[in-house]
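Observations on the three-dimensional arrangement
Listed below, chain by chain, are the residues.
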Amino acid sequence: MRRRDTGRRDDGHRIALVIASGGMRGAYAGGMAHAIDDAGLAGGFDVVYGSSAGAYIGIALIHAGGENAARIFFEDMACRDFIDPRRLCGRGSMVSLDHLVDRILVDSKPMPWDRIRDSTVALNVVATAVDDLSGHVLEPRTISDWKLAMRATSSIPLLAGGPVRLHDRSWIDGAVSEPLPLLRALRDGSTHVLALINLSVPELRRIPADPRSPLWARGLNRLVPGLGDIAQSESGLGPVRAVLEQTDHPHRRHAHLLTVGPEADAGVGPLTIDPVKVRTATEIGYAAFTATLDRAVGRAQPI
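Below, the structure is looked at part by part. (Residues numbered from 1 in each chain as written. Predicted model: local features only at pLDDT ≥ 70, side-chain atom pairs only at ≥ 80, totals over all residues. Heavy atoms only, no water.)

1. Quick notes on the overall build of the protein chain
Assigned secondary structure in the protein chain consists of 13 helices and eight strands. Considering the protein chain as a whole, with its 303 residues, one finds that 54% of them fall into the buried category. Total accessible area computed for the protein chain in this model is approximately 13,800 Å², and 52% of it derives from carbon and sulfur atoms. (Helix = DSSP H or I, 4+ residues; strand = E, 2+ residues; numbered from the N terminus. Buried < 20%, exposed > 50% of the residue type's maximum accessible area, 1.4 Å probe, protein only. Areas by Shrake-Rupley, 256 points an atom, 1.4 Å probe, with all protein chains shown as cover.)

Here's what the structure looks like:
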């Protein structure tokens, strides 16, 4: 807020925005991004981290507007053109990244790819390497690279297309390895981190801290690398739960961390295409960030 009010960024801080993945559950974080933009805070970040839906939301907030980061979920993605289980019968992918990248991000919610390519805010898109299932920040250099990177961070065999080749390596969904790239943001030296998650605090606390996948997920991983992990991707937040909850956690060092999650449940899952439920999720996310901001500045009324 000081950066917004003074127009100055030479404060010695590194302010990071970290956004969780979650498929259509990203509607909650999309609503939060809308509220961030409406509060005039979108220009205050030095770096953005995101996997899968989180990457789309972060980039949209910085370069296409927070309102679009929310509206894209219920206006464009909550439909069978994007998610349709019936395509599996024809050996297609349930989630159509072609529809997202080639239609939605071109016609309905155009992405300003030239501004993204030349961004002065570091846009860290996380994807998972197929060869060892480790997470990496992609380094796209051209507009074509950026389009491939956005596919790579969301691609998972059977669910959303096969691996994507970029810079001589094959990539799948970043949520397989880092559904919330929080530790990466802290390791990179961020002094302040705003983390947007798509789970309420009670839901987060129910996630086991044990990072081992259940047997059924390990079975899916043997069938298709990464499939089991993405099918239960919320459990990937387990290893970072302690960092989110404990102010004295050693991973935080001296960084300031604020986590915002939904304060109600709209009944939206990763593959929900009910536009009413999805729109409600964005409204819940908007309200959650606004309430957090009000508490932080001691205001009684929303911005």
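2. Thoughts on helix H13 (residues 275–297)
Under the 1.5 Å per step criterion, the end-to-end length of H13 is 33 Å for 23 residues, consistent within 8% with the ideal 33 Å. The set of residues buried in H13 consists of Val278, Ala281, Thr282, Ile284, Gly285, Ala288, Phe289, Thr290, Thr292, Leu293 and Asp294. Where H13 is buried, its residues meet helix H2 (26–38), helix H4 (66–77), strand S7 (192–196) and strand S8 (256–260). The N-cap residue of H13 is Asp274: its side-chain oxygen and the backbone nitrogen of Val276 are 2.9 Å apart. Just downstream of H13 lies Gly298, where phi reads positive at about 70 degrees. (Expected span 1.5 Å × (residues − 1). Contact = heavy atoms within 4.5 Å. Polar contact = N/O pair within 3.5 Å; in protein donor to acceptor, adjacent residues only side chain to side chain.)

3. Comments concerning the side chain of Arg151
Mapped onto the secondary structure, Arg151 falls in helix H7 (residues 143–152). Judged by its relative accessible area of 18%, Arg151 falls in the buried class. Beyond its immediate chain neighbours, meaning those up to four positions away, Arg151 contacts Tyr56, Leu97, Asp98, Val101, Asp102 and Val164.

4. So, the packing of H2 against H13
Relative to each other, H2 and H13 sit at 45 degrees, their axes nearing to 6 Å. Between H2 and H13, the angle falls in the class oblique. Two packed elements cross with a definite hand, and for H2 against H13 that hand is right-handed. Counting all contacts with H2, which are made through Ala27, Tyr28, Gly31, Met32, His34, Ala35, Ile36 and Asp38, the residues of H13 involved are Val278, Ala281, Thr282, Ile284, Gly285, Tyr286, Phe289 and Thr290. (Axes fitted to C-alpha atoms, helices over the stretch in contact; angles between N-to-C directions. Parallel < 35°, antiparallel > 145°, perpendicular 65-115°, else oblique. Left-handed = near helix turned anticlockwise from the far one by under 90°.)

5. Observations regarding the nonpolar core
Core analysis: the biggest nonpolar cluster contains 69 residues, and Leu17, Met24, Ile36, Leu196 and Phe289 have the highest contact counts within it. Residues contacting Ile36, with those up to four places away along its chain left out, are Leu17, Leu41, Ala42, Phe45, Leu61, Leu194, Leu196 and Phe289. The next biggest cluster of nonpolar side chains, apart from the first, holds 20 residues, and it includes Val18, Ala20, Leu186 and Leu257. (Core = buried A, V, L, I, M, F, W, Y, C linked by side-chain atoms within 4.5 Å.)

6. A few points about the environment of Arg117
Relative to the helices and strands, Arg117 is located in helix H6 (residues 113–117). Under the relative-accessibility criterion, Arg117 is labelled partly exposed at 37%. Expressed as a C-alpha distance, the spacing of Arg117 and Ser144, which sit 27 residues apart in the sequence, is 9.6 Å. The residues touching Arg117, leaving out its near neighbours within four places in the chain, are Arg141, Thr142, Ile143 and Trp146. Of note is the side chain of Arg117, whose polar atom sits 3.0 Å from the side chain of Asp118.

7. Notes on the pattern of salt bridges
One pass over the structure, following the stated rule, counts 20 salt bridges. The salt bridge partner of Arg169 is Asp132, with a shortest N-O separation of 3.8 Å. Placement of Arg169 in strand S6 (residues 169–172) and of Asp132 in the loop between strand S3 (122–129) and strand S4 (135–137) is noted, with a sequence separation of 37 residues between them. With a relative accessible area of 24%, Arg169 lands in the partly exposed category. By relative accessible area, Asp132 is classed as partly exposed at 45%. Among the salt bridges present, the one from Arg184 reaches Glu178, with a minimum N-O distance of 2.5 Å. Judged by relative accessible area, Arg184 falls into the buried class, the value being 13%. Within the structure, one salt-bridge network assembled from shared partners comprises Glu67, Arg71, Glu75, Asp76 and Lys109. (Salt bridge = Lys/Arg side-chain N within 4 Å of Asp/Glu carboxyl O.)

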